Amino acid sequence: MACAPSARPFIALAAVPARRGLASVAAAAAPVTSATSNHKVVLVGAGTAGLSIGHQLLRSGKFAQDDIAIVDPATWHHYQPGWTLVGGGLKNKEELQSRLDEMIDPNIKFYNDSVGKFAPEQNVVTLGNGDKISYEQLVVVPGVHIDYSSIRGLPEALADRNSLVSTIYSYDHCDKVFRTIEALQKGTAIFTQPAGVIKCAGAPQKIMWLALDHWKQTGVYDPTNPSASPVKVAFATGLPVMFGVPKYSAKLDALRQERGVEGLFERDLVSIDNGNTATFARPNGQEKVTRKFDFLHAVPKMGPHAFVKSSPLANAAGYVDVDDATTRHKKYANIWSAGDASSLPTSKTAAAITAEAPVLVGNLLNAMEGKAPQEQYDGYTSCPLLTEYGKVMLAEFKYGGVPKETFNDWFGIDQAEPRRAFYHLKKDFFPWVYRNNMVKGTWGGPKGWLN
Ligand code: UQ1
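Residues numbered from 1 in each chain as written. Predicted model: local features only at pLDDT ≥ 70, side-chain atom pairs only at ≥ 80, totals over all residues. Heavy atoms only, no water.

## Thoughts on the nonpolar core
The biggest cluster of nonpolar side chains holds 64 residues, and the ones touching the most others in it are Val41, Ile53, Leu57, Phe118, Leu138 and Val139. Of the residues forming this core, the biggest block, 11 residues, is contributed by helix α10 (residues 350-368). For valine 41, the contacting residues outside a window of four places in its chain are Leu57, Phe63, Asp67, Ile68, Ala69, Gln137, Val139, Leu364 and Met368. Core analysis: the second largest hydrophobic core is formed by 51 residues, Ile146, Ala189, Met393 and Ala416 among them. (Core = buried A, V, L, I, M, F, W, Y, C linked by side-chain atoms within 4.5 Å. Buried < 20%, exposed > 50% of the residue type's maximum accessible area, 1.4 Å probe, protein only. Helix = DSSP H or I, 4+ residues; strand = E, 2+ residues; numbered from the N terminus. Contact = heavy atoms within 4.5 Å.)

## Some thoughts on the domain arrangement of the chain
Examined at the domain level, the chain breaks down into domain 1 (31-143 + 305-373 + 432-447) and domain 2 (148-302). Here domain 1 and domain 2 share an interface that buries about 1400 Å² over both sides, 63% of which is from carbon and sulfur atoms. Among the residues domain 1 hides against domain 2, the three largest losses belong to Trp83, Thr84 and Lys93. Together they make up 41% of the total. Two residues, aspartate 175 and lysine 93, come together in a salt bridge whose shortest N-O distance is 3.4 Å. Counting across the domain 1 and domain 2 interface gives six residue pairs in polar contact (both at pLDDT 80 or more). Split into classes, the residues belonging to the side of domain 1 that touches domain 2 amount to three nonpolar, nine polar and four charged. (Domains from an automatic or database assignment. Buried area = accessible area lost by both parts, 1.4 Å probe. Salt bridge = Lys/Arg side-chain N within 4 Å of Asp/Glu carboxyl O. Polar contact = N/O pair within 3.5 Å; in protein donor to acceptor, adjacent residues only side chain to side chain. Nonpolar A, V, L, I, M, F, W, Y, C, P; charged D, E, K, R; others polar.)

## Let's talk about helix α12 (residues 420-436)
Compared with an ideal rise of 1.5 Å per residue, which puts 17 residues at 24 Å, α12 spans 23 Å between its outermost C-alpha atoms and is within 8% of the ideal. The largest bend in α12 is about 40°, located at phenylalanine 429, with the proline proline 431 one to four residues further on. Those residues of α12 not exposed but buried are Phe422, Tyr423, Leu425, Lys426, Lys427, Pro431, Val433 and Tyr434. (Expected span 1.5 Å × (residues − 1). Bend = angle between axes of the 7 residues up to and from the residue.)

## A look at the sheet that holds strand β13 (residues 262-265)
Pairing within the open sheet is parallel, and its five strands lie in the order β10-β17-β11-β12-β13. The open sheet terminates on both sides in strands that have one partner only, identified here as β10 (165-166) and β13. As judged from the seven bridges shared by strand β11 (residues 187-193) and strand β12 (residues 231-237), these two strands associate in the parallel manner. Bridge assignment links phenylalanine 191 to a residue of β12, and that residue is phenylalanine 235. (Pairing = 2+ DSSP bridges.)

## Regarding the site of the ligand
In the vicinity of the ligand lie 16 residues, with Ser382, Pro384, Glu396, Phe430 and Trp443 positioned nearest. Within the side chain of tryptophan 443, one N or O atom sits 2.7 Å away from an oxygen atom of the ligand. For the ligand, whose free accessible area comes to 430 Å², the fraction covered by protein is 97%. When contributions to the shell around the ligand are tallied by element, the ones reaching two or more residues are α10, β20 (381-388) and α12. With three residues, the top contributor of residues to the shell around the ligand is α10. (Near = heavy atom within 4 Å. Areas by Shrake-Rupley, 256 points an atom, 1.4 Å probe, with all protein chains shown as cover.)

## Notes on the pairing of β13
In terms of strand pairing, β12 meets β13 through four bridges, oriented parallel. Bridge pairing in β13 links alanine 234 to glutamate 262. With helix α8 (residues 246-258) bridging β12 and its parallel neighbour β13, the resulting β-α-β unit is right-handed. (Right-handed = clockwise from strand over helix to strand, strands pointing away.)

## Quick look at the packing of helix α6 (residues 174-183) against helix α7 (residues 203-217)
Two elements in contact, α6 and α7, have axes whose closest approach is 10 Å; the angle formed by their N-to-C orientations is 35°. In terms of crossing hand, the pair formed by α6 and α7 is right-handed. Counting all contacts with α6, which are made through Val177, Phe178, Ile181 and Glu182, the residues of α7 involved are Ile207, Ala211, His214 and Trp215. Per-class residue counts for the contact of α6 with α7 are six nonpolar, one polar and one charged. (Axes fitted to C-alpha atoms, helices over the stretch in contact; angles between N-to-C directions. Left-handed = near helix turned anticlockwise from the far one by under 90°.)

## What about the pattern of salt bridges?
Where side chains of opposite charge bring their charged atoms close, a pairing between them can arise. Scanning all chains against the criterion turns up 16 salt bridges. A salt bridge links lysine 330 to aspartate 321, with the shortest nitrogen-to-oxygen separation between them at 3.5 Å. What makes lysine 330 exposed here is its relative accessible area of 56%. Each of Lys62, Glu369 and Lys371 takes part in a single network of salt bridges with overlapping partners.

## Comments concerning the side chain of threonine 277
By the secondary structure assignment, threonine 277 is in strand β15 (residues 277-281). If near-sequence neighbours (up to four positions away) are discounted, threonine 277 is found in contact with Ser271, Ile272, Thr290, Arg291, Lys292 and Phe293.

## Examining α6
One turn of an α-helix holds 3.6 residues; hence residues three or four places apart share an orientation. Of the residues making up α6, those classed as buried are Cys174, Lys176, Val177, Phe178, Thr180 and Ile181. Taken together, the buried residues of α6 touch α3 (83-87), α5 (154-159), β10, α7 and β17 (295-297).

## Considering the side chain of serine 342
Relative to the elements of secondary structure, serine 342 occurs in the loop between β19 (335-337) and α10. Here glycine 339 takes part through its backbone oxygen, which lies 2.8 Å from a polar atom of the side chain of serine 342. Leave out the neighbours within four places in its chain, and serine 342 touches Tyr319, Val320, Val322, Ser337 and Lys348.

## Notes on the UniProt feature "domain: FAD/NAD(P)-binding" (unreviewed entry) in the chain
Within this structure's numbering, the places UniProt gives as "domain: FAD/NAD(P)-binding" (unreviewed entry) are residues 40-161. Along residues 40-161 the backbone is 22% helical and 33% strand, and the end-to-end C-alpha distance reaches 47 Å. (UniProt positions renumbered as here; feature names shortened; annotations may be inferred.)

## Focus on the sheet that holds strand β14 (residues 268-273)
Taken in spatial order, the three strands of this open sheet run β14-β15-β16, and their pairing is antiparallel. Pairing within the sheet leaves two strands with one partner each, and these edge strands are β14 and β16 (289-292). Strand after strand, the sheet turns through a mean of 30° between neighbouring axes, direction not considered. Examined bridge by bridge, β14 and β15 share five bridges and lie antiparallel to one another. Bridging across to β15, isoleucine 272 finds its partner in alanine 278.

What follows is the structure, encoded as structure tokens:
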């Protein structure tokens, strides 16, 4: 991080001659007949990936007004990494949202609509309203779908203001989390994590560590004597371990044991009944188990959006099937993906997008000039894991779960050790740099500010 952030909101665009003749082979092969509008680049999704990539493309200076288009049905954009902080009573959810139309540079054409269908052979995307738009290059970054109905009884329990059940994974309910934490005086608190892929795989336990700390401070939980405490805490995860990366998992399991948290491994929440009973599936056809609770933090299953999963762009699991290193589609050379919707085999986080976006942008710009991809993504991702109020373990790793620690490289600091400085990165710096730089295309994560 070498320099101060740029105060300029957006670059002035030099008008450049259109170079439609330099489209990729796939783009040139199939003329469009019924499309109503044409763009050089169409982005599907205006979340963290769509805004970062769209604005980085724009800042290259190679695009004129409306050469780039972005499609998203949302009215609001949310800083989702902040929802854990809302759950912990550290931020208001309202301060983490912005109107999406105000976040998109006016030089980019914004279609405030959903996507109905991809037609990659024709280079056409059909919008929810039936309009067609054509592209030379397509960037598919709509994120993942949260399936609340994956847990029977969850939607009803979340909607009931007086229930014991909450989740930090939605804007509507992330503030209910802190209310339920504050309300608990005694009984069993269960925090769940599903089997399967979710975004921000550390969040299900971040909120547990904050809640535990809160109960410690209010005197209802004594980690040195949990069996005599009014509150008991359990972590019920579909996975066999605390975290997917061995280095951090070992430290987190040590914390779990030190703090008297019961580990319910390979227990995948499938049902909530009678307002106070959780049922968990077990692997290999073993019998389901149930537990009574007085507090439940539930994390639903997640997966690809139906319009991606059912499209020719998807792999067998339903994610956009791109090359792990270049982010280019394995079959369609003018299609790209990053972020949660992509098949990139790394942990789904905003931090990952700081490293994926410049690779995708560099390779896409090269493709527009008929050149081969030059940039390679190494799988970098990060999980700033709150372990208590005032401390964060800054897990950073690449493909294969191999640690790639920014501050270890610079200062020899072991990032498995929770630290106060990392807490301020998570709580204050990341939200700030996200809003002021990342979504405007000027933040490269561990690489610092981009031009
Ligand atoms: C990051 O850049 C970022 O985006 C603003 C985050 O927020 C969601 C992160 O959690 C992380 C870890 C990074 C990476 C940056 C540094 C300096 C480690």
